[in-house]
Amino acid sequence: MTIKRLSEWLQTSTNTVILTGAGMSTESGIPDFRSASGWWKNIDPRAVATTEALTENYSLFHEFYKMRLENLEKVAPHEGHQILADWEQRGIVSLVATQNVDGFHQLAGSRKVEELHGSIRSIRCNRCQQADSMEHFLSKASCSHCGGKLRPNVVLFGESLPQISWHTSMEAIKKAELVLVIGTSLEVYPVNQLPMMTSGKTVYINLDISQHAIPFDLKIEGKIKEVLQQLQV
Ligand code: OAD
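First, a word on what this report is: a plain description of the structure on this page. It should be emphasised that the depicted structure is a prediction, and the values quoted were computed from it without experimental measurement.

1. Comments concerning the sheet that holds strand 5 (residues 131–132)
Read across the open sheet, the three strands follow the order 5-4-6; overall the sheet is antiparallel. Across the chains shown, the open sheet's two edge strands, defined by having one partner strand only, are strand 5 and strand 6 (150–154). Across the face of the sheet, helix 6 (residues 58–72) comes into contact with strand 4 (118–125) and strand 6 while running at roughly 55° to strand 6.

2. Remarks on the site of the ligand
Close to the ligand lie 24 residues, the nearest being Phe33, Arg34, His117, Thr184 and Ser185. In isolation the ligand offers 790 Å² of accessible surface; the protein chains occlude 95% of this area. Because more than half of its atoms lie within 2 Å of the grid, the ligand is assigned to the largest pocket. In terms of residue class, the shell around the ligand is made up of eight nonpolar, 12 polar and four charged.

3. As for the sheet that holds strand 9 (residues 218–221)
Spatially, six strands are ordered 3-2-1-7-8-9 in an open sheet, and the strand pairing comes out parallel. If you trace the sheet from one side to the other, it starts and ends with strand 3 (113–115) and strand 9, each paired once. When strand polarity is set aside, the average angle formed by the axes of neighbouring strands in this sheet is 15°.

4. Topic: the environment of Ile182
Here Ile182 shows up in strand 7 (residues 178–182). Considered as a pair, Ile182 and Cys146 are 36 residues apart in the sequence and their alpha carbons are 41 Å apart. Those residues in contact with Ile182 that sit more than four places away from it in its chain are Ile18, Leu19, Thr20, Gly21, Met24, Leu84, Ile205, Ile224 and Leu228.

5. Let's talk about the layout of surface pockets
By volume, the largest pocket amounts to about 920 Å³. Lining the largest pocket we find 44 residues, and of these Gly21, Ala22, Asp32, Phe33 and Arg34 sit closest to its centre. Take the lining of the largest pocket: its biggest share by element is four residues, from helix 6. Its residues assigned to classes, the lining of the largest pocket shows 20 nonpolar, 16 polar and eight charged.

6. Regarding the pairing of strand 2 (residues 93–98)
Most of strand 2 sits inside the fold, with five of its six residues counted as buried. By the bridge criterion, five bridges tie strand 1 (residues 16–20) to strand 2 in an arrangement that is parallel. Note on strand 2: the bridge partner recorded for Ile18 is Val96. Across three bridges, the pairing between strand 2 and strand 3 is parallel. Note that in strand 3 the partner of Ala97 across the bridge is Glu114.

7. Here we look at the pattern of salt bridges
What the rule picks out here adds up to six salt bridges. As a salt-bridge pair, Arg151 and Glu159 come within 2.7 Å of each other at their nearest N and O atoms. Of the residues examined, Glu159 reaches a relative accessible area of 25% and is grouped as partly exposed.

Definitions and limits used
- Residues numbered from 1 in each chain as written.
- Predicted model: local features only at pLDDT ≥ 70, side-chain atom pairs only at ≥ 80, totals over all residues.
- Heavy atoms only, no water.
- Pairing = 2+ DSSP bridges.
- Helix = DSSP H or I, 4+ residues; strand = E, 2+ residues; numbered from the N terminus.
- Contact = heavy atoms within 4.5 Å.
- Axes fitted to C-alpha atoms, helices over the stretch in contact; angles between N-to-C directions.
- Near = heavy atom within 4 Å.
- Areas by Shrake-Rupley, 256 points an atom, 1.4 Å probe, with all protein chains shown as cover.
- 1 Å grid on protein atoms, 1.4 Å probe; cavity = no way out; pocket = protein on both sides within 12 Å on 5 of 7 lines; lining within 4 Å.
- Sits in = over half its atoms within 2 Å of the grid points.
- Nonpolar A, V, L, I, M, F, W, Y, C, P; charged D, E, K, R; others polar.
- Points joined across faces, edges and corners; volume = space filled by probe spheres on them.
- Buried < 20%, exposed > 50% of the residue type's maximum accessible area, 1.4 Å probe, protein only.
- Salt bridge = Lys/Arg side-chain N within 4 Å of Asp/Glu carboxyl O.

Written as structure tokens, this is what we have:
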């Protein structure tokens, strides 16, 4: 019944925006952060995903991102990512705003993507901000220009979000008729504010829909790939 209702909403909406989180990529083989098998169950985010970790414990910081980059080599976007890309091509989706740094929406063919937490696929120097190569980062080399520490272009705790992505996502969500919030615990500020900024309909798709009290017009409990496959648009 909820699937049927969402299918109808998708068919009639003239402006649908998607907001995704790590649950979008678990069916590709990338762990999320807060589930039982998520990264933050075994690793303290303060030790690896903060500006302090980068400056004060670079070895652990580097090990964590190297491990994530090596895992990325073995995995690929799944049909759910492709369905969202297909919806964009057919004019059903106007934007995918994502907290994911894996680049899977783009790899699956989505063009209008805002990466709110940056991308793990490109590298820069933390000191002089110059772009550097993935090879240099993986081999734990220092910046070729200034000798600073290399890092992926992800947003660490303690850093602000990329301003253009944030504003583009916020404006798109404000104007949307329908917002689908897919595979995120909505625990992280400020992205967790976005679903409340729209006057359009809101839908939450997650394995566990009982997690928090943010009001949604519709909640669908299930695996993202299966839910997206069932929708008739
Ligand atoms: P979380 O790990 O907090 O939440 C992922 C959500 O997806 C959970 O609510 C799971 O129940 C759900 N989920 C997992 N697999 C699913 C599946 N196959 N189908 C449906 N639901 C599924 O990840 P995010 O909300 O993305 O930021 O986390 C937000 C931010 O916290 C991340 O971008 C990262 C992290 O710290 C930074 O590192 C800055």
